[in-house]
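The lines below spell out each chain.
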Amino acid sequence: MSAPVLTGPSAELDDLSVWPASTARLPGGNLSVGGVSLTDVAERFDTPAYVLDEGEVRARCRTYRAVFPDADVLYAAKAFLSRAMVRWIDEEGLGLDACSAGELELAVMAGFPAARIVLHGNAKSPRDIETALRLGVGRIVVDSPSEIARLAAQVGSGGRQKVMVRVVPGVSAGGHEKIRTGTDGQKFGLSLTDGSAQHAIARVLGQPQLELTGLHCHIGSQITDVKPYLVAVRRMVGLMARIKESHGVTFPELDMGGGHGVAYRAGESALDLTALARRLNGKLSASCAAAGLPVPRLVIEPGRAVAAPAGVAVYRVLAVKPTGSTMFVAVDGGMSDNPRPALYGARYAPRLIGRSTTAEPVATTVVGRHCEAGDILAADVLLPGDVRPGDLLAVPVSGAYQLSMASDYNLVGRPPVVAVHDGSARLLVRRETQEDFRRRDIGA
């Protein structure tokens, strides 16, 4: 017998559209991901915990390879990185976009080919650059004028390093003002409008230690509309045409960054990757034809769109407090393991798991355990009115920019990451413990 069709608020609570494709309903109100019961994960690994669906990660990598068959697809490591993630990305044929010596070292230690890594960063430390050169990364993205001479000096007279120049194309896009990086007046890149980009390109071309392979731009994050990318690619090709005219140089590569948006709640928009690939390639070809340029090899850098939908956070309810018209539900995590709501106003959709209920949904604000009024994981969401301490809540779309941005606030400790695949679960990253804190604190 098929399950009853739910309508109204109950249907919203039961919607699994933003969950990993492997998610399945189990008896007693539970869910499984990757063939593993989420309540079993909570019992075995405790809470809070992150669950990462290996199959979902791999499927999303394959989607990118399918819709961008002639492009280089680089996974943005800042979204989430671990040795297992490095292996999955490598096996699925993606490159890697790293931002620090730490990310570079971890990736290469895990067996990732350094030649398929691009190093980013608006303020690369000497150690970042030394590590990149020692390991032999494929590209280093120049982000400021002062970096050019410093990078050339570290390469040395006998060496040569492939680089790109990050350009700010003057395009505003992104889900929040703090993640819009394509306009002037922020810390990333070199402006197209004031001539900074053109000047930096000329300086790089004058450095024999540096081989300029192309231009780079990244206009923002959590973008769900194709149009800003089309504007950006047209402006980047225009710059390439001016560089050819003034310096006689034709670039073989154009990196359009990432920022591909995903849905965090049912009914929200996500970037249509098929439409992006078709229209971006079309605009690139048309713009190059109009400018009399050969079409460069396209590079894209998805991070969130690969990792976020593959992750689920599992929390245990510690307290329930009705206050006026709002019910506060406090869990055993919070802004130390997910600062995104506090930073960007990110919106999530927690779900009760582990038991069935017929209670009517009520407006709920799910909060963390930390000493901040802004420690809110999900505001104004529907949860069953009988939520109680000891219950489990699961939060989908939790695979990106959560653990990678986690902190030790209140010395609570960062959660573990548990991989699920084909009915088995294994620990990828262990929980941070009080012993870890004691070992780091060496003062007296």
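For the structure, see preceding data.
Cut-offs applied
Residues numbered from 1 in each chain as written. Predicted model: local features only at pLDDT ≥ 70, side-chain atom pairs only at ≥ 80, totals over all residues. Heavy atoms only, no water. Helix = DSSP H or I, 4+ residues; strand = E, 2+ residues; numbered from the N terminus. Expected span 1.5 Å × (residues − 1). Buried < 20%, exposed > 50% of the residue type's maximum accessible area, 1.4 Å probe, protein only. Contact = heavy atoms within 4.5 Å. Core = buried A, V, L, I, M, F, W, Y, C linked by side-chain atoms within 4.5 Å. Axes fitted to C-alpha atoms, helices over the stretch in contact; angles between N-to-C directions. Parallel < 35°, antiparallel > 145°, perpendicular 65-115°, else oblique. Left-handed = near helix turned anticlockwise from the far one by under 90°. Nonpolar A, V, L, I, M, F, W, Y, C, P; charged D, E, K, R; others polar. Pairing = 2+ DSSP bridges. Right-handed = clockwise from strand over helix to strand, strands pointing away. Polar contact = N/O pair within 3.5 Å; in protein donor to acceptor, adjacent residues only side chain to side chain. Salt bridge = Lys/Arg side-chain N within 4 Å of Asp/Glu carboxyl O.

A.B. asks: Which parts of the structure should I look at to understand helix α9 (residues 227–247)?
C.D. replies: Think of an α-helix as 3.6 residues a turn; residues three or four steps apart then line up on the same face. Helix length check: α9 (21 residues) gives 30 Å between terminal C-alpha atoms against 30 Å at 1.5 Å per residue, within 8%. Here α9 has its buried residues at Pro 228, Tyr 229, Leu 230, Ala 232, Val 233, Met 236, Val 237, Leu 239, Met 240 and Ile 243. Where α9 is buried, its residues meet β9 (161–168), α8 (196–205), β11 (210–216), β12 (253–255) and α10 (273–291). Just downstream of α9, Gly 248 is the residue with a positive phi angle, here 70°.

A.B. asks: When you look at the nonpolar core in this model, what are you seeing that I'm missing?
C.D. replies: Counting residues in hydrophobic clusters, the biggest one holds 127 residues, and the most contacted among them are Leu 38, Phe 68, Tyr 75, Met 85, Val 165 and Leu 215. By residue number, the principal contributor to this core is α9, which donates nine residues. When residues no more than four places from it in sequence are discounted, the contact partners of Tyr 75 are Phe 80, Met 85, Ile 89, Leu 94, Gly 95, Leu 96, Asp 97, Pro 302, Gly 303, Val 306 and Ala 307. Listed in part, the five residues of the second largest apolar core include Val 118, Val 141, Met 164 and Val 299.

A.B. asks: Is there a simple way to explain the packing of helix α5 (residues 101–109) against helix α6 (residues 126–135) in this structure?
C.D. replies: Relative orientation and spacing of two packed helices are given, respectively, by the angle between their axes and the distance between those axes. Their axes nearest at 8 Å, the elements α5 and α6 cross at an angle of 25°. Between α5 and α6, the angle falls in the class roughly parallel. You can see that α5 and α6 cross each other, and the crossing is left-handed. Contact with α5, carried on its side by Ala 101, Leu 104, Glu 105 and Val 108, involves Arg 127, Asp 128, Thr 131, Ala 132, Arg 134 and Leu 135 of α6 and no other residues of that element. Classifying every residue of the contact of α5 with α6 by side-chain character gives five nonpolar, one polar and four charged.

A.B. asks: Looking at this model, I keep getting lost on the environment of His 370. Mind explaining?
C.D. replies: Considering the arrangement of structural elements, one finds His 370 in the loop between β17 (361–367) and β18 (376–384). For the pair His 370 and Val 262, spaced 108 residues apart in the sequence, the C-alpha separation amounts to 28 Å. Look past the residues within four positions of His 370 in its chain and what remains in contact with it is Gly 333, Gly 334, Met 335, Ser 336, Asp 375, Tyr 409, Asn 410 and Val 412.

A.B. asks: Looking at this model, I keep getting lost on the pairing of strand β8 (residues 139–142). Mind explaining?
C.D. replies: Looking along a regular strand, one sees the side chains alternate between the two faces of the sheet. Of the two faces of β8, the one carrying Arg 139 and Val 141 and the one carrying Ile 140 and Val 142 are both buried. Relative to β8, strand β7 (residues 117–119) is paired through two bridges, and the arrangement is parallel. Paired with Leu 119 across the two strands is Ile 140, which belongs to β8. With respect to chirality, the unit in which β7 leads through α6 into the neighbouring parallel β8 is right-handed. Strand direction decides the pairing type here: β8 and β9, joined by three bridges, are parallel. Residue pairing in the sheet places Ile 140 in a bridge with Val 163 of β9.

A.B. asks: Sorry if this is basic, but what is going on with unusual backbone geometry here?
C.D. replies: If a residue is not glycine, its phi is most likely negative; likewise, a peptide bond is most likely trans. Going from Thr 47 to Pro 48, the amide bond is cis rather than trans, its omega being -10°. Structurally, Pro 48 can be placed in the loop between α2 (38–45) and β4 (49–53). Within the chain, Val 397 stands out as a residue other than glycine whose phi angle is a positive 55°. Mapping Val 397 onto the fold places it in the loop between β19 (392–396) and β20 (417–421). Judged by relative accessible area, which is 0%, Val 397 ranks as buried. Despite not being glycine, Asn 410 has its phi angle at roughly 60°, a positive value. Position of Asn 410 relative to the elements: it lies in the loop between β19 and β20.

A.B. asks: Help me out: how do you make sense of the side chain of Arg 139 in this one?
C.D. replies: Position of Arg 139 among the secondary structure elements: in strand β8. Of note is the side chain of Arg 139, whose polar atom sits 2.5 Å from the side chain of Glu 253. Discounting chain neighbours no more than four positions away, the residues touching Arg 139 are Ile 117, Val 118, Leu 119, Gln 161, Lys 162, Met 164, Thr 213 and Glu 253.

A.B. asks: What should I look at first to understand the side chain of Gln 402 in this one?
C.D. replies: Locating Gln 402 in the fold gives a position in the loop between β19 and β20. For Gln 402, a relative accessible area of 1% corresponds to the buried category. With sequence-adjacent residues up to four places away left out, Gln 402 is seen in contact with Tyr 50, Asp 337, Asn 338, Pro 339, Arg 340, Tyr 348 and Val 397.

A.B. asks: Sorry if this is basic, but what is going on with the environment of Met 405 here?
C.D. replies: Of note, Met 405 is situated in the loop between β19 and β20. Residue Met 405 is classed as partly exposed on the basis of its relative accessible area, which comes to 28%. Residues Met 405 and Leu 383, 22 residues apart in the sequence, show an inter-C-alpha distance of 27 Å. Among residues more than four places away in sequence, those in contact with Met 405 are Pro 339, Leu 343 and Tyr 344.

A.B. asks: How should the pattern of salt bridges be read in this particular structure?
C.D. replies: Opposite charge on two side chains permits pairing when their charged atoms draw close. For the coordinates displayed, the defined rule picks out 25 salt bridges. Between Asp 90 and Arg 116 there is a salt bridge whose closest N-O contact spans 3.0 Å. Of this pair, Asp 90 sits in helix α4 (residues 83–91) while Arg 116 sits in the loop between α5 and β7, placing them 26 residues apart in sequence. By relative accessible area, which is 24% here, Asp 90 ends up partly exposed. Arg 440 is paired through a salt bridge with Asp 408; the nearest N and O atoms lie 3.5 Å apart. Taken together, the positions of Arg 440 in helix α13 (residues 434–440) and Asp 408 in the loop between β19 and β20 put the pair 32 residues apart, joining distant regions of the chain. For Arg 440, a relative accessible area of 63% gives the class exposed. We classify Asp 408 as partly exposed; its relative accessible area is 21%. What emerges from the salt-bridge pattern is a single network uniting Glu 54, Arg 58, Arg 62, Arg 87, Glu 91, Glu 92 and Arg 426.

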